[in-house]
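Inside the fold
Chain by chain, the residues:
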Amino acid sequence: MSDVQLDPRVPAGPIQEKWDQHKFDMKLVAPHNRRRFKVIVVGTGLAGGAAAATLGELGYDVHAFTFHDSPRRAHSIAAQGGINAAKNYKGDGDSIYRLFYDTVKGGDFRAREANVYRLAQVSVDIIDQCVAQGVPFAREYGGLLDNRSFGGSQVSRTFYARGQTGQQLLLGAYQALAQQIGKGAVTTHPRTEMLDVVVKDGRAVGIVTRNLHTGAIESHSAHAVVLATGGYGNVFYLSTNAKACNVTAAWRAHKKGALFANPCFTQIHPTCIPASDDFQSKLTLMSESLRNDGRVWIPEKMDDTRAPADIPEAERDYLLERRYPAFGNLVPRDIASRAIKLEVDAGRGVGPLKNGVYLDFGASVDRLGGDVIRARYDNLFEMYERITDENPYGQPMRIYPAVHYTMGGLWVDYELQTNVPGLFCAGEANFSDHGANRLGASALMQGLSDGYFVLPYTVPNYLAPLLGEAVVPTDDRAFVEAERSVRQQTERFLSIGGTKTVDHFHRELGRIMWDNCGMARSEASLEKAISEIPALEEEFWKDLRVLGSAEDLNQGLEKAGRVADFFELGLLMCKDALHREESCGGHFRLEHQTEEGEARRNDDDFAYAAAWGWTGKGQEPALHKEPLEFEHVHLAQRSYK
Amino acid sequence: MSKTLNLTLKVWRQARAASPGALEIYDVRDISEDMSFLEMLDILNDRLSGEGKEPIAFEHDCREGICGSCGMMINGQAHGPQRGTATCQLHMRKFADGDTIVVEPWRAAAFPVVKDLVVNRSSLDRIVEAGGYITVSAGAAPEANLTPVPKDASDAAFDAAACIGCGACVAACPNSAGQLFTAAKLMHLNLLPQGQPERWQRAENMVDTMEEYFGSCTNHGECEEACPKSISIDYIALMNKDYIKAKRKNRKLSGQR
Ligand SMILES: Cc1cc2nc3c(=O)[nH]c(=O)nc-3n(C[C@H](O)[C@H](O)[C@H](O)COP(=O)(O)OP(=O)(O)OC[C@H]3O[C@@H](n4cnc5c(N)ncnc54)[C@H](O)[C@@H]3O)c2cc1C
Ligand code: FES
């Protein structure tokens, strides 16, 4: 893969002017010509829904695909806490530059400055757009928009809609998309899973899909393909992600030539409900916003069996406030997660399995009153009680970190185009703006920025020179071959006839990943995973049992394809983690820490994005480096003390 | 250790839309009361696979009560016995040892069965496509704080906007009416200042489309009982008012065109 071009194509000029200048420089497609271009958007979460709606509104012939039964459902819907924007409505010193600065620093200096600056710039437009769509953000009594603060920042810039921000934003995008569908500008293909990208003469020219109701394998050609297919946290089996989240779309694109960048950068969220038993099917997030009013603590005394209320103040260790006085409970996620893990590993955890720490609202209820706390978090408290049968108004919550978000993804340039021309990638599926650690409330911002405000400019820039060119017909060899390999894989799953379910293998893979490539990694643990994953994968292909047929709804078959891809991805994650001899953000290598147990970056050798190329099954992946330069935010060890 | 339950499940099995279905009986043992209802089905499915029988198909995704994917009739109640709770958030502690639990798909003409407990709810999308939006092209929006929205209006709109589109309201209704779903979306938008320009057109288009697919409302109120977000049927009354007014206004407006 020596011919891979890794040019981020960042426009010249001062950072504040790059995007405006570039918008002017990009090529346009005249309104009457737009309908002649067919654009496929895979994924209708925040990123894909917004992109499909906007491209449809502009007049392109858009085809939107989702494996959900409706574009109203996507993992995005579960986002609770909020969305950042540099509106400075609170007059507390926020600005586009500060949001940019916080995001680069919060990402532990592993993001591309120009992209992050654009994100901060566009953030203000997102709020305007969503409010105009009717998104019911929280308001103050005067009728103006309210904000709260989130981890990793000292200003209040987070807009929220109770604990259901993702739901309301996604419904906004879905409604915009529904309008275009109603008008016939966008065609939707729900319950349709993309199983391959078709590449011809080096360009993306379409996709191959499976209709999940009928099993039909079909080809769709287009002038450009956008993947907005979400993150891959479910490689760990247990995570806060929705059950259907997977890497298949991005991974199959990777195998067709798209580079996969920084796969090892995974985010562990500090505040999730601890696992209660082995049957656990997923972990539930308790929004980061709770850290605004909740204080994290553990008993000073080991094995203290008293009820939390009976432990006096003086015998409580408020561990985040102790370690990080400046940011206290609002340190970034990676920092909070690690601090909690250290205590629990040392045997100081609470709860029946001693696998959590307290998150206590007592002080805030005393200070603000129960009504205020109820108005802010009621739905989260209810959810906690439904799951644990404990009432957080009466006793502190118990929380523990869990896999939550993946910063890695398909490598994209400034225009969100992968190294395969015509193939774009947006939202959590790409590797862009969050570096090695994402700040809270920034994923929703990025998804909507990509979908509403970036792709609608950059996709046309790619399309314009193709005016008059027909799409590649679906009987072309490239399509026929892609279809054949998809069919073969389906048949293979059904013919193994082994003894173990897909879930069994998924759970086992998840265990390997969590134990060896989770919150803390070492050379030894990673080597171990690198030897265990292929062995388990081999067993998967020998002993898997998928029942039913390929001709109708078959959830086992769907999962089998996704888990097959997780094996290959998991291996790459471990290799990436092994090669990165430093600790940064969500990537913590035990060999690289300070005396106090904080992450130690190695900027001399690792200030780059690692973009891996697929070289074939069983082959070593090829590493391509995109050097990262920091002209504005000066490289420094992060400090939240 | 938490308590465990032994249960008898009667589950609707149907291979595909066109084939006939029937209730099948399964004994499930040693179910922890801390399990969610879907985790209990996961365990049963694991066992069925082990026995070489096809697992029960059911929809789910977030398992947090927000995506609206899950939903089944549990002992004749949409989403089961706990009020304001989607199936995925229902926990086994709501059942007693020795219980028999009947599990069926949503029953409604507008929701044809796809397989087992999975139904096709795309008719709900058609209602939104007919007018459940506010027109604003990306980039054309005014500064967000230009239009203050009184907190009460914003809260009332939110209570309606909380709908997760699961279809329980339709499944619970003896007439399979789509009123609560439609009213929730319509009134979310119609109560906000941003929603006013398209208010009357929206009301007429959404209600007319609803009537193409769903039965008519005779005020049973079962929908509110079943709604996992406890959305109030007061919104249906508001919708009816808007619809009647819309019919009048739109007629007048069309006379001016
Ligand atoms: C519990 C939780 C809470 C969160 N809270 C916040 C928060 O408060 N603030 C914040 O900023 N971020 C939050 N996040 C992160 C944020 O929600 C996600 O990163 C973001 O929503 C991802 O959006 P997306 O559009 O990229 O992908 P998704 O929403 O995951 O959408 C993916 C889409 O792709 C489709 N798809 C995927 N693969 C295929 C395929 N092969 N074929 C066809 N279709 C496919 C799916 O059907 C879906 O439509 C939270 C995440 C979790 C897990
Ligand atoms: S699975 Fe999402 S609401 Fe139940």
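Residues numbered from 1 in each chain as written. Chains lettered and ligands numbered in written order. Predicted model: local features only at pLDDT ≥ 70, side-chain atom pairs only at ≥ 80, totals over all residues. Heavy atoms only, no water.

**Quick notes on the overall build of chain A**
Across its full length, chain A carries 17 helices and 19 strands. In terms of C-alpha radius of gyration, chain A reaches 24 Å, essentially the compact-globule figure of 26 Å for 641 residues. A principal-axis box enclosing the C-alpha atoms of chain A has dimensions of 75 × 60 × 50 Å. Relative to its 641 residues, chain A shows a buried fraction of 68%. About 21100 Å² of surface is accessible on chain A, with carbon and sulfur atoms providing 49% of the total. Charge centroids of chain A, computed over 71 positive and 84 negative side chains, lie 3 Å from each other. (Helix = DSSP H or I, 4+ residues; strand = E, 2+ residues; numbered from the N terminus. Rg over C-alpha atoms; globule rule 2.2 N^0.38 Å. Buried < 20%, exposed > 50% of the residue type's maximum accessible area, 1.4 Å probe, protein only. Areas by Shrake-Rupley, 256 points an atom, 1.4 Å probe, with all protein chains shown as cover. Lys, Arg positive; Asp, Glu negative; His and termini not counted. Charge placed at Lys NZ, Arg CZ, Asp CG, Glu CD.)

**Focus on the layout of surface pockets**
Computed from the structure, the largest pocket encloses a volume of approximately 1000 Å³. Lining the largest pocket we find 50 residues, and of these Asp 503, Gln 555 and Lys 559 of chain A together with Asp 42 and His 60 of chain B sit closest to its centre. If you list the elements that add at least two residues to the lining of the largest pocket, you get helix H14 (502-517) and helix H16 (555-579) of chain A together with helix H1 (37-50) of chain B. Of all the elements, H16 of chain A adds the most residues to the lining of the largest pocket, at seven residues. For the lining of the largest pocket, a count of residues per class yields 17 nonpolar, 14 polar and 19 charged. Estimated volume of the second largest pocket: approximately 750 Å³. Along its surface, the second largest pocket is lined by 30 residues, and Leu 238, Ala 275, Leu 283, Trp 514 and Asp 515 of chain A are the ones closest to its centre. Examining the composition of the lining of the second largest pocket, we find that five residues originate from one element, H14 of chain A, more than from any other. (1 Å grid on protein atoms, 1.4 Å probe; cavity = no way out; pocket = protein on both sides within 12 Å on 5 of 7 lines; lining within 4 Å. Points joined across faces, edges and corners; volume = space filled by probe spheres on them. Nonpolar A, V, L, I, M, F, W, Y, C, P; charged D, E, K, R; others polar.)

**Side note on the nonpolar core**
Generally speaking, soluble globular proteins have nonpolar side chains that are buried together. The biggest cluster of nonpolar side chains holds 228 residues, and the ones touching the most others in it are Ile 83 and Phe 137 of chain A. Among the elements that make up this core, the one with the highest residue count is H16 of chain A (13 residues). For Ile 83 of chain A, the residues in contact, after removing those within four places along its chain, are Ile 126, Ile 127, Phe 137, Arg 157, Thr 158, Phe 159, Thr 165, Leu 169, Ala 441, Leu 444, Met 445 and Leu 448 of chain A. The next biggest cluster of nonpolar side chains, apart from the first, holds 29 residues, and it includes Phe 279 of chain A together with Leu 9, Val 28 and Leu 38 of chain B. (Core = buried A, V, L, I, M, F, W, Y, C linked by side-chain atoms within 4.5 Å. Contact = heavy atoms within 4.5 Å.)

**Re the interface of chain A and chain B**
Listed as interface residues are 70 residues of chain A and, on the opposing side, 78 residues of chain B. Together, the buried faces of chain A and chain B total about 6000 Å²; carbon and sulfur atoms form 51% of this surface. Remark: the boundary between chain A and chain B carries nine salt bridges. Inspection of the chain A/chain B interface yields 44 residue pairs in polar contact (both at pLDDT 80 or more). Per element, the largest residue contribution to the side of chain A that touches chain B is nine residues, and it comes from helix H6 (residues 165-183) of chain A. Tallied by class, residues from the side of chain A that touches chain B come to 28 nonpolar, 24 polar and 18 charged. (Buried area = accessible area lost by both parts, 1.4 Å probe. Salt bridge = Lys/Arg side-chain N within 4 Å of Asp/Glu carboxyl O. Polar contact = N/O pair within 3.5 Å; in protein donor to acceptor, adjacent residues only side chain to side chain.)

**Some remarks on the domain arrangement of chain A**
You'll often see interface size given as the accessible area lost when the parts meet. All names here are of chain A. Annotation of chain A at the domain level lists domain 1 (268-403) and domain 2 (477-606). Here the C-alpha centre of domain 2 lies 31 Å away from the C-alpha centre of domain 1. Taken residue by residue, the interface counts 11 residues in domain 1 and nine residues in domain 2. Summed over both sides, the interface between domain 1 and domain 2 buries roughly 860 Å², with carbon and sulfur atoms accounting for 63% of that surface. (Domains from an automatic or database assignment.)

**Side note on the pairing of strand E11 (residues 266-272) of chain A**
Consecutive residues of a regular strand have side chains that alternate between opposite faces of the sheet. Residues and elements named next belong to chain A. Burial analysis of E11 places seven of its seven residues in the buried class, the great majority of the element. Both E11 and strand E15 (residues 397-406) contribute to a ladder of five bridges, which runs antiparallel. Considered in E15, the bridge of Cys 272 is made with Tyr 400. (Pairing = 2+ DSSP bridges.)

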